Amino acid sequence: MNRYILPLSALGTAVGGAVLLKDFVAGGACPSKTTIPGKTVIVTGANTGIGKQTALELARRGGTIILACRDLEKCEAAAKEIRGETLNHRVNARHLDLASLKSIREFAAKISEEEERVHILINNAAVMRCPHWTTEDGFEMQLGVNYLGHFLLTNLLLDKLKASAPSRIINLSSLAHVAGHIDFEDLNWEKRKYDTKAAYCQSKLAVVLFTKELSRRLQGTGVTVNALHPGVARTELGRHTGMHSSTFSSFTLGPIFWLLVKSPQLAAQPSTYLAVAEELEGVSGKYFEGLKEKAPAPEAEDEEVAGRLWAESARLVGLEMSYGSSERGQRLPK
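Residues numbered from 1 in each chain as written. Predicted model: local features only at pLDDT ≥ 70, side-chain atom pairs only at ≥ 80, totals over all residues. Heavy atoms only, no water.

## Considerations on the pattern of salt bridges
Summed over the entire model, instances satisfying the criterion amount to 12 salt bridges. For Glu-81, the salt bridge goes to Lys-52, with nearest N and O atoms at 2.8 Å. Here the residue Glu-81 occupies a position in helix α3 (residues 72-86), and Lys-52 occupies one in helix α2 (residues 49-60), the gap between them amounting to 29 residues. We classify Glu-81 as partly exposed; its relative accessible area is 42%. For Glu-312, the salt bridge goes to Arg-315, with nearest N and O atoms at 2.6 Å. With Glu-312 and Arg-315 both in helix α12 (residues 303-317), this residue pair falls 3 residues apart, about one helical turn. Note on Glu-312: relative accessible area 22%, which makes it partly exposed. (Salt bridge = Lys/Arg side-chain N within 4 Å of Asp/Glu carboxyl O. Helix = DSSP H or I, 4+ residues; strand = E, 2+ residues; numbered from the N terminus. Buried < 20%, exposed > 50% of the residue type's maximum accessible area, 1.4 Å probe, protein only.)

## Examining unusual backbone geometry
Put simply, Ala-165 and Pro-166 share a cis peptide bond, and its omega is 5°. Within the element layout of this structure, Pro-166 appears in the loop between α6 (158-163) and β5 (167-172). Its identity is not glycine, yet Leu-87 carries a phi of approximately 60°, on the positive side. Within the secondary structure layout, Leu-87 lies in the loop between α3 and β3 (91-95).

## Some points on the pairing of strand β2 (residues 64-69)
With 6 of 6 residues buried, β2 lies mostly within the body of the structure. The two faces of β2 match: Thr-64, Ile-66 and Ala-68 on one face and Ile-65, Leu-67 and Cys-69 on the other face are all buried. Note that strand β1 (residues 40-44) and β2 share 5 bridges and pair parallel. Its bridge partner being in β2, Ile-42 is matched across the sheet by Ile-66. Once you follow β1 into α2 and on to β2, the crossover reads as right-handed. In terms of strand pairing, β2 meets β3 through 5 bridges, oriented parallel. Looking at β3, one finds that Ile-65 is bridged to Val-91. Each parallel crossover has a hand, and the one from β2 via α3 to β3 is right-handed. (Pairing = 2+ DSSP bridges. Right-handed = clockwise from strand over helix to strand, strands pointing away.)

## A short note on the nonpolar core
Membership of the largest hydrophobic core comes to 52 residues, with the highest contact counts inside it found for Ile-42, Tyr-147, Ile-169 and Ile-182. Going through the elements one at a time, β2, α4 (101-114), α5 (141-156), α6, α7 (196-217), β6 (223-229) and α12 are the ones with two or more residues in this core. By residue number, the principal contributor to this core is α5, which donates 8 residues. Within the second largest apolar cluster, 34 residues are counted, among which are Val-43, Leu-58, Ala-93 and Ala-277. (Core = buried A, V, L, I, M, F, W, Y, C linked by side-chain atoms within 4.5 Å.)

## A short note on α7
For α7, built from 22 residues, the straight-helix expectation of 32 Å at 1.5 Å per residue is met to within 8% by its first-to-last C-alpha distance of 32 Å. The buried fraction of α7 amounts to 18 of the 22 residues, a majority that puts the element mostly inside the structure. Where α7 begins, the capping side chain belongs to Asp-195, and its oxygen is found 3.1 Å from the backbone nitrogen of Lys-197. (Expected span 1.5 Å × (residues − 1). Polar contact = N/O pair within 3.5 Å; in protein donor to acceptor, adjacent residues only side chain to side chain.)

## Topic: empty space enclosed by the protein
For the structure shown, the criterion picks out 4 cavities of 30 Å³ or more. Computed from the structure, the largest cavity encloses a volume of approximately 60 Å³. Looking at the largest cavity, the residues that line it are Asn-123, Ala-125, Asn-146, Tyr-147, His-150, Asn-171, Leu-172, Lys-204, Val-207 and Phe-210. Looking at the lining of the largest cavity, the elements that each hand over two or more residues are α5, β5 and α7. When its residues are assigned to classes, the lining of the largest cavity shows 5 nonpolar, 4 polar and 1 charged. (1 Å grid on protein atoms, 1.4 Å probe; cavity = no way out; pocket = protein on both sides within 12 Å on 5 of 7 lines; lining within 4 Å. Points joined across faces, edges and corners; volume = space filled by probe spheres on them. Nonpolar A, V, L, I, M, F, W, Y, C, P; charged D, E, K, R; others polar.)

## Here we look at the environment of Ile-42
On the secondary structure map, Ile-42 appears in strand β1. The residues touching Ile-42, leaving out its near neighbours within four places in the chain, are Ile-66, Ala-68, Phe-107, Ile-111, Val-118, Ile-120, Leu-121, Ile-122 and Leu-157. (Contact = heavy atoms within 4.5 Å.)

These figures come from the coordinates and say nothing about function on their own.
Right under this line is the structure:
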């Protein structure tokens, strides 16, 4: 009977090999050991999931970390936990509701007033496959939070980021952007039957287009911006999909999910890498899957679509314009 029982050494080797395989498939840990003392980092949606783990990773590296979250109580609890785990006391909680243009403007004004520098902005917060909700300002929720909110926030912090150069902006998108399409006739799903998946894909495509256009506008400023797909992670983001909780997912797809679904800690490695890696100094306008640069969907590289989306987004969020003009004749943000 005992002949069917693996020796402990063999069992340990098998488990270790499986863990290494999972790490390989999931992308692995950030290879950079760079520390960031004296640098100020903002991470949106940092009270849970990938955002919290990214904040933790960067706090370990000595940065001053600002967690920007809708639920301030949970945000403060996360900040306290990170301070305790890293012994870095420069970790603070700030209120930011990306579904409210008023909240975004108040947050940006406070950062501009209180922080001398902002070196890294990580636009991490997101909602996924939620019902047909709208933001405080009437935007479809996924477009409003995942894209428009971060579009306004980033533009309002650009002066601070430029003054802190070299500085970096990291936008979390998704592989789902490849199935996205920007419908300029109905961005907010007011005319069509609502499709929660298509709305999510559109919002993540918008993030990549924003990244490309912003990179073009930031040339010569010392500020870089890149987008990334962190991988599929077991976080609260998927709570509206039932992907991780169904019986089918748990049992039928269990081994596949174990390989492909990352822990929040592993999913935070690409954001950390883009934030600190010395070899990425000056790299801008790129799209990464995990730790590797990849070509995004063709529509994500369409300069005409990117320019049109920028102009429409600025109109929707009421972005104040300056008198400067871009190569395409569009007015630039202050």
